[in-house]
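# Breakdown of the fold
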Amino acid sequence: MKAPARIYRQFDADLGREVPGEGYGGWHRMPIPLAPEHTALVVMHAWDCGRPGEFPGWERAVEFLPRCRRILDTVFPRLLAAVRESPLPVIHVAGGGTYHRGHVGFLRAGALAGESTVEGRVAPPDEVWKTLQALRAADGFPGTHNRPDIDAAFARLDFAPQARPLAHEAVVENAHQLAAVCRELGVNHLVYVGFALNWCLLMSPGGMVDMARRGAICSTIAEAVTAVENRETAREERELAQALWRVSVEFGFVFELEEFLSALPKRAEGVKT
C-alpha cells in the first residue's frame, strides 16, 4: 500500500540569510509505503459534545466545538466506513469520563494490558498550589462562570454517534492499554484522528507523545482533526497549521483525506479488523 503524504523538510537553514530558518525546504508531498497489517486508525476523544447551545459555557471556553461537529458530520462517516472495509483496524482512545468502561472492547483491552504502573507524582498539593490552580481556572481557562456547563457536559459525556466503536474494536484509555493492543495486532504506525490535534491527540494519555516514546510512528489526516485556537490564531486556524507541522517533524506524516481513502485496500471477505 502506498499513499501520498505531506512531510515538512526541516533543513537546510541558510546561514547566509537574515533569518536562516527561511531556507528550510518546507512542505512537500511524496508517496510513502504503508503496511496495512502494521497500521491502525486511532480515533481519539471523538465526543458527543451536545447540540449547539446546549452547554454554552463549554462553547465559550472551547471555541473549536463547531468545527468538531462539522468534521464528525462530514468526514467521520466516510472515513470510518472506508477503513472498516480495509485491513486496517480501528482503535478508540477514550477519556474525560467513564462512558467507555462498559464497552466490550474496553473490557478486552483492559484484560489484555493488565494493571499499569503508576508513575510517582510530585510533592502533594499545598495551599499555594491550590491557590495557583484556582487562579488559572478563574483567569486563564475555562473561566469560573463556564465551569457549571462544562461539568454538566462531562457528566453525560459519550462517544459521538458518528464515532461509536463497533463491538470488535478495541477501546483504550491510556498508553499502557494502547501499546498492549498494538502488540497484539502487530501495529507500529498509528494514524490519529479526533480532537484536538495540538492538545488531546498530542498530550493526553494514549496520545502521540506517549506512543512515540513506545516506538510508534504517529501520523494524522488533515481534514479529520482540528486544533485549540486562541484569539490571535482562530481566524486563520494557525494553531492547526502549527500542529500539522509538529506531527510531520516530530512524529510521522500528514495525509489528506481523499488520497488516504483512495489508497486503502479492501480486506479479505470474512476478516474482521
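These remarks concern the structure in this document. Here the structure is a predicted model, which is why all the values come from computation and not from measurement. By convention here, each chain's residues receive numbers from 1 onward along its written sequence. Given that this is a predicted model, residues contribute local features only at a pLDDT of at least 70 and side-chain atom pairs are listed and counted only at 80 or more, while totals for whole chains, interfaces and linings are drawn from all residues. By convention in this description, side-chain values take in all heavy atoms of the structure and omit both hydrogens and water.

## Points about the overall build of the protein
Numbering of helices and strands starts at the N terminus; helices are DSSP runs of H or I of at least 4 residues and strands are runs of E of at least 2. Looking only at helices and strands, one finds eleven helices and eight strands in the protein. Against the compact-globule benchmark of 19 Å for 273 residues, the protein has a radius of gyration of 20 Å, which places it among compact chains. C-alpha atoms of the protein, sized along the principal axes, occupy 60 × 55 × 40 Å. Each residue is assigned to one of three classes by its accessible area relative to the maximum for its type, calculated with a 1.4 Å probe on protein chains only: buried under 20%, partly exposed between the two thresholds, exposed over 50%. Out of the 273 residues belonging to the protein, those deemed buried represent 44%. In the protein, 79% of the contacts between residues at least 6 apart in sequence involve partners at least 24 apart. As displayed, the protein offers around 14,500 Å² of accessible surface, 54% of which is attributable to carbon and sulfur atoms. The charged-residue count follows a simple rule in which Lys and Arg add positive charge and Asp and Glu add negative charge, with His and chain termini not counted at all. Working definition for charges: the position is that of NZ of Lys, CZ of Arg, CG of Asp or CD of Glu. Of note, the protein has its 30 positive side-chain charges centred 3 Å away from the centre of its 34 negative side-chain charges. With C-alpha atoms as the basis for the radius of gyration, the globule rule is written as 2.2 Å multiplied by the number of residues raised to the power 0.38. By definition, residues are in contact when any of their heavy atoms lie within 4.5 Å. For the accessible areas, the method is Shrake-Rupley and the probe is 1.4 Å, while residue cover comes only from the protein chains on display.

## A look at a nonpolar patch on the surface
Excluding any residue in a salt bridge, patches collect residues exceeding 30% relative accessible area, merging like charges within 9 Å and nonpolar Val, Leu, Ile, Met, Phe, Trp and Tyr side chains within 5 Å. Salt bridges are defined as contacts in which a side-chain nitrogen from Lys or Arg sits within 4 Å of a carboxyl oxygen from Asp or Glu. A contiguous nonpolar surface patch, about 290 Å² in accessible area, is contributed by Val128, Leu132 and Leu135. By secondary structure assignment, the location of Val128 is in helix H5 (residues 127-139). For Val128, a relative accessible area of 53% translates into the label exposed.

## Focus: unusual backbone geometry
Going from Phe11 to Asp12, the amide bond is cis rather than trans, its omega being -15°. Of note, Asp12 is situated in the loop between strand E1 (2-9) and strand E2 (26-33). Of note, the amide linkage connecting Phe195 to Ala196 takes the cis form, showing an omega dihedral of -5°. Looking at the element boundaries, Ala196 is found in the loop between strand E6 (189-194) and helix H8 (200-203). The phi dihedral of His45 is positive, around 55°, even though this residue is not glycine. For His45, the location among the structural elements is in the loop between strand E3 (39-44) and helix H1 (56-61). For Glu237, which is not glycine, the phi dihedral falls at a positive 50°. Mapping Glu237 onto the fold places it in the loop between strand E7 (217-225) and helix H10 (238-251). Overall, the relative accessible area of 26% leaves Glu237 in the partly exposed class.

## So, the packing of helix H4 (residues 104-113) against helix H7 (residues 175-185)
Structural elements are reduced to axes, namely lines fitted to C-alpha atoms, with helices fitted over the stretch in contact, and the angle between N-to-C directions of any two is expressed from 0 to 180 degrees. The N-to-C vectors of H4 and H7 enclose an angle of 90°; their axes lie 9 Å apart at closest approach. Taken together, the axis directions place H4 and H7 in an arrangement best described as roughly perpendicular. From H4, Phe106, Ala109, Gly110, Leu112 and Ala113 reach across to H7, where they touch His176, Gln177, Ala180, Val181 and Glu184. Side-chain classes are defined by residue name, with Ala, Val, Leu, Ile, Met, Phe, Trp, Tyr, Cys and Pro counting as nonpolar, Asp, Glu, Lys and Arg as charged, and the others, Gly among them, as polar. Here the contact of H4 with H7 is composed, by residue class, of six nonpolar, three polar and one charged. Throughout, the term roughly parallel applies to angles under 35 degrees, roughly antiparallel to angles over 145, roughly perpendicular to angles from 65 to 115, and oblique to all others.

## Re the pairing of E7
Among the nine residues in E7, seven count as buried, and that is most of the element. Two strands pair when backbone bridges link them, and E6 and E7 are joined in this way by five bridges, in the parallel orientation. Directly across from Leu190, in E7, lies its bridge partner Cys218. Relative to strand E8 (residues 254-255), E7 is paired through two bridges, and the arrangement is parallel. Looking at E8, one finds that Ile221 is bridged to Phe255. Should DSSP find at least two bridges between two strands, the strands are taken to pair.

## Brief notes about the pattern of salt bridges
Counted under the stated rule, the structure contains 16 salt bridges. Between Arg156 and Asp48 there is a salt bridge, and its shortest N-O distance comes to 3.1 Å. Here the residue Arg156 occupies a position in the loop between helix H6 (147-155) and strand E5 (170-172), and Asp48 occupies one in the loop between E3 and H1, the gap between them amounting to 108 residues. A relative accessible area of 31% means that Arg156 is categorised as partly exposed. Exposure remark for Asp48: the relative accessible area of 21% places this residue in the partly exposed category. Among the salt bridges present, the one from Arg67 reaches Glu63, with a minimum N-O distance of 2.8 Å. One salt-bridge network, in which partners are shared between bridges, spans Arg6, Arg29, Glu256 and Glu259.

## Describing the side chain of Thr226
Residue placement: Thr226 occurs in the loop between E7 and H10. Take Thr226: its relative accessible area is 1%, and that puts it in the buried class. Any pair of N or O atoms that falls within 3.5 Å is considered a polar contact. Within protein, one atom must be able to donate a hydrogen and the other to accept it, and sequence-neighbouring residues count only if both atoms are side-chain atoms. Polar contacts involving the side chain of Thr226 include one to the side chain of Arg67, which spans 2.8 Å.

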